[in-house]
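# Coordinates in review
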Amino acid sequence: MRDNKESITKELLEFLLITGGITLLLTNPAFLAPAILIAKYGGASAHKKKVSSSISYLKNKKYVSLTKNKGGRFHLKLTTKGKEKAVLYSLQSTLTTKLSNHKKWDKKWRLVIFDIETSRRDKRDALRRMLKRSGFVLLQKSTWIYPFDCKEEVSITKDFFDIKDSECRFVLATDIGDDTALKKIFKIL
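Here goes a summary of the coordinates provided. (Residues numbered from 1 in each chain as written. Predicted model: local features only at pLDDT ≥ 70, side-chain atom pairs only at ≥ 80, totals over all residues. Heavy atoms only, no water.)

So, on to the packing of helix 4 (residues 80–99) against helix 6 (residues 151–161). Describing two packed helices takes the angle between their axes plus the distance from one axis to the other. Relative orientation of the contacting elements helix 4 and helix 6 amounts to 170 degrees, with a least axis distance of 11 Å. Relative to helix 6, the element helix 4 is oriented roughly antiparallel. Between helix 4 and helix 6, the contacting residues are Glu84, Val87, Leu88, Leu91, Leu95, Lys98 and Leu99 on the first element and Glu152, Glu153, Ile156, Thr157, Phe160 and Phe161 on the second. (Axes fitted to C-alpha atoms, helices over the stretch in contact; angles between N-to-C directions. Helix = DSSP H or I, 4+ residues; strand = E, 2+ residues; numbered from the N terminus. Parallel < 35°, antiparallel > 145°, perpendicular 65-115°, else oblique. Contact = heavy atoms within 4.5 Å.)

Here it is in structure tokens:
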């Protein structure tokens, strides 16, 4: 249930990022949820509640603002904080999709090694979450491993979080010792 609500929240943010906002023909914000995602979720009351709950969550987190114009219509748009979150969700979605489309392993390991100072903890934590969600596995402290080509995706992630090359290294390795357990995890035996 939580995953579905999280999915709706991400979709709302990404939709608002693309469109810039929504002006509703409705004068009652209670109808906001079905108006936004009715086509995708079919208008079921359970989905309406989840969408309404997601909108409330986004408002409480200050990711979106809801304003009423002179005609009594409501306008839902992203705040600066919401734009950052939407771009992050979009990047995560893109990376996860790109990284999951690999077919054959080239027998090379990709390692992401980072040492980001404590004052930039938010960047370090964001990178760690991104790597984990993208399918990387923690090999050792601050060392993540992945079996398929991902150099471009790691570079995009570093750029997005403003992480310097001196703070995060990408290593291509042909031999990391006994990798049997990793091969099982990645299903490349």
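Alright, that's what it looks like, and here's the rest.
Moving on, we get to helix 5 (residues 121–133). The end-to-end C-alpha distance of helix 5, which contains 13 residues, comes to 18 Å, matching closely the 18 Å that a straight helix rising 1.5 Å per residue would cover. When we look at burial in helix 5, the residues that qualify are Arg124, Asp125, Ala126, Leu127, Met130 and Leu131. Each element contacted by the buried residues of helix 5 is listed here: helix 4, strand 4 (109–114), strand 6 (143–146), helix 6 and strand 7 (168–173). After helix 5 finishes, the residue Gly135 shows a positive phi value of roughly 105 degrees. (Expected span 1.5 Å × (residues − 1). Buried < 20%, exposed > 50% of the residue type's maximum accessible area, 1.4 Å probe, protein only.)

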